[in-house]
Amino acid sequence: MKEVTRLLTVFLCIAGLLFQFACAEDSPDEDSEKNKNGQSDGGPGDSDGGSDSDSDSDSDSDSDSDSDSDSDSDTDADTDTDGDPDGGGWDPEQIDPDADPLPDGTPGEWIWVPFDESKCRDGSKAGIAVRYSDTSDNFIIFLEGGGACFNSVLCLANPSNIPAALRFPGESGIFDKDNNENPFRDWNGVYVPYCTGDVHTGANPAGNIPGLGKQIFLGGSNFYMFFSRIIKTFTDPEKVVLSGLSAGSLGAAFHLQMIAEHYPDAHVIGISDGAVVFRDEYLTPCLQKQARGLWWLGAYIPEECTECFGSDGGGLSNLYQYLANAHPDVTFGIISSVNDSTMRTFYGYGLDDCNVNFPSYPGDMYEDACMDIRDYLENTVKWGGTFWFGGSDHGKISGSGFYSQTADDVSIAEWVTDMVENGNMTHVGP
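For the structure given in this document, a descriptive report is provided here. Computed from a predicted model, the values in this text were never measured in an experiment. (Residues numbered from 1 in each chain as written. Predicted model: local features only at pLDDT ≥ 70, side-chain atom pairs only at ≥ 80, totals over all residues. Heavy atoms only, no water.)

Before going further, it helps to examine the packing of helix α6 (residues 319-326) against helix α9 (residues 363-381). At a minimum axis distance of 11 Å, the contact between α6 and α9 shows a crossing angle of 30°. Viewed along their axes, α6 and α9 adopt a mutual orientation that is roughly parallel. In this structure, α6 crosses over α9, and the sense of that crossing is right-handed. Of the residues in α9, those in contact with Tyr 320, Gln 321 and Ala 324 of α6 are Ile 373, Tyr 376, Leu 377, Thr 380 and Val 381. When the residues that make up the contact of α6 with α9 are grouped by side-chain class, the tally is six nonpolar, two polar and no charged. (Axes fitted to C-alpha atoms, helices over the stretch in contact; angles between N-to-C directions. Helix = DSSP H or I, 4+ residues; strand = E, 2+ residues; numbered from the N terminus. Parallel < 35°, antiparallel > 145°, perpendicular 65-115°, else oblique. Left-handed = near helix turned anticlockwise from the far one by under 90°. Contact = heavy atoms within 4.5 Å. Nonpolar A, V, L, I, M, F, W, Y, C, P; charged D, E, K, R; others polar.)

And the structure:
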């Protein structure tokens with residue numbers, strides 16, 4: 001399945017370079033519904049697994065007339081400046097005090113909750129799925145992956161809305177409620193599908209991609225809407241986990257402050273899988289600057305993290321140091337292969353001062369980047385753990401690899417359980 005996905009991505013990339021065209025997709029209906037089948041192949045992220053259930057072909061794609069893609073062209077955003085150059089970070093004033101709790105549901109079953117004011121990249125509505133526990137007050141929020149939209153090639157392979165088949169995460173990995181090795185098996189779960197192309201962090205309502213035109217990057221703004229209702233639903237947990245895969249992995253790092261600030265009495269854990277904010281030598285400042293300018297990424301970086309705003313556009317990895325200082329009681333860990341072929345494609349666009357059409361990020365350079373950020377976390381930041389494993393796979397936490405992938409004779413599930421139950425942040429693997 002992964003080989004087919006990679007071949008399809010290559011095809012789309014080549015097609016995108018030869019032909020500039022946009023893909024229009026029907027937006028899903030907005031009725032709250034219960035999951036009957038789980039999500040196929042682990043969802044829009046490039047994970048190793050997930051529940052291979054049927055694809056929910058119940059023609060639930062009646063074109064929603066509310067796909068108000070804001071076709072007014074008079075608000076195209078400046079794509080080379082930061083929408084919030086001084087940062088913003090966690091802003092309690094963006095939380096809606098009048099938000100309602102999430103709707104009730106049968107424990108153990110996923111329900112879909114649309115948000116009328118939220119927007120995917122194509123202007124259609126976004127939403128979240130929730131599964132309740134009848135035995136635990138703890139909950140995990142999972143941010144799905146699915147690439148990033150910062151040029152016409154990548155945007156063509158990036159989900160711009162949420163079809164009905166991709167509203168739910170399936171029953172594998174961290175969502176397997178029957179596996180005794182899963183520390184979250186009896187927790188409440190919140191699943192955030194991915195449709196904004198901005199690693200869940202955008203605040204730009206009118207981005208522009210040459211060849212594709214206006215794109216809506218409101219992943220961060222959407223998350224505030226979701227969080228306003230999540231906190232009204234889960235009011236007094238002992239433990240809270242914010243996790244993500246691929247694009248969601250980066251989003252989890254940026255939104256971790258929000259969770260820690262709102263739940264000061266809980267044990268807050270962040271788990272990033274499949275994407276790492278490398279230091280500037282390996283995640284080039286020009287690529288960081290591109291993301292800041294296009295998505296308005298700076299809106300969700302704390303302004304107190306002055307070193308996060310390098311004059312050349314770099315500095316994002318300094319967020320780890322800021323979080324360690326601001327929230328030393330938070331437990332944080334990162335999972336990655338040392339030769340991740342998917343992330344090498346994305347980060348490869350930053351090579352040669354971002355003048356790359358066919359990116360080829362060297363494998364040995366990616367491994368060096370992993371070792372460099374591990375050394376930085378262990379010896380400089382003195383906070384956070386890493387689970388590095390060999391090979392080039394991308395993403396394990398939402399599939400069977402959560403249990404089967406090992407390093408130093410430790411599985412990812414065992415390493416995560418140690419963080420969740422004991423607060424240990426260790427470095428495992430090569």
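The element strand β9 (residues 331-337) is extensively covered by neighbouring structure, given that seven of its seven residues are classed as buried. Every second residue of β9 is oriented toward a common face, with Thr 331, Gly 333, Ile 335 and Ser 337 on one face and Phe 332, Ile 334 and Ser 336 on the other, all of them buried. Sheet analysis places β9 next to strand β10 (residues 385-389), joined by five bridges and oriented parallel. Each residue of the ladder has a partner; that of Ser 337, found in β10, is Phe 389. (Buried < 20%, exposed > 50% of the residue type's maximum accessible area, 1.4 Å probe, protein only. Pairing = 2+ DSSP bridges.)

Tallied over the full model, the rule gives four salt bridges. Through salt bridges with shared partners, a single ionic network connects Arg 131, Glu 171 and Lys 177. (Salt bridge = Lys/Arg side-chain N within 4 Å of Asp/Glu carboxyl O.)

By the secondary structure assignment, Ser 221 is in helix α3 (residues 219-233). With 19 residues separating them in the primary sequence, Ser 221 and Gly 202 have C-alpha atoms 6.8 Å apart. Once residues lying within four places of it in the same chain are set aside, the contact partners of Ser 221 are Gly 202, Ala 203 and Tyr 300.

Applying the stated criterion across every chain yields a total of 22 aromatic pairs. The interplanar angle of 35° and the centroid separation of 5.6 Å between the aromatic rings of Tyr 224 and Tyr 300 together place this pair among those described as tilted. Here the residue Tyr 224 occupies a position in helix α3, and Tyr 300 occupies one in the loop between α5 (285-295) and α6, the gap between them amounting to 76 residues. One exposure class covers both Tyr 224 and Tyr 300, and it is buried. Through pairs of rings, three or more aromatic residues link up here, namely Tyr 132, Phe 139, Phe 223, Phe 227, Phe 234 and Tyr 263. The positively charged end of Arg 229 is found above the aromatic ring belonging to Phe 115, 5.2 Å away from the centroid. (Phe/Tyr/Trp six-rings, centres within 6.5 Å; stacked < 30°, edge-to-face > 60°. Lys NZ or Arg CZ within 6 Å of the ring centre and 35° of its normal.)

Attention now goes to helix α4 (residues 247-262). Over its 16 residues, α4 runs 23 Å from end to end, which matches the ideal 22 Å to within 8%, given 1.5 Å per residue. At His 255, α4 shows its strongest bend, of approximately 45°. Most of α4 sits inside the fold, with 14 of its 16 residues counted as buried. (Expected span 1.5 Å × (residues − 1). Bend = angle between axes of the 7 residues up to and from the residue.)

Before going further, it helps to examine the sheet that holds strand β7 (residues 239-245). Strand order in the open sheet formed by nine strands is β1-β2-β4-β3-β7-β8-β9-β10-β13, with mixed pairing between adjacent strands. One side of each edge strand has no neighbouring strand; the edge strands of this open sheet are β1 (110-115) and β13 (427-428). Examined bridge by bridge, strand β3 (residues 139-143) and strand β4 (residues 188-192) share five bridges and lie parallel to one another. From the neighbouring strand, Leu 143 faces β4, where its bridge partner is Val 192.

Our focus in this paragraph is the nonpolar core. Residues Ile 141, Ile 230, Tyr 263, Phe 278, Tyr 347 and Val 416 are the most contacted members of the largest nonpolar core, which totals 121 residues. With eight residues, the top contributor of residues to this core is α4. In contact with Ile 230, not counting residues within four places along its chain, are Leu 102, Ile 128, Phe 139, Ile 141, Val 190 and Tyr 263. (Core = buried A, V, L, I, M, F, W, Y, C linked by side-chain atoms within 4.5 Å.)

Another point: the state of the cysteines. The full count for this structure, using the stated rule, is four disulfides. The disulfide partner of Cys 149 is Cys 155, and the gap between their sulfur atoms is 1.9 Å. When the S-S torsion is 90°, as for the bridge of Cys 149 with Cys 155, the disulfide is right-handed. Each sulfur of the disulfide joining Cys 305 and Cys 308 lies 1.9 Å from the other. Because the sign of the S-S torsion sets the handedness, a value of about 60° for the bond joining Cys 305 and Cys 308 places this disulfide among the right-handed ones. (Disulfide = S-S within 2.5 Å.)

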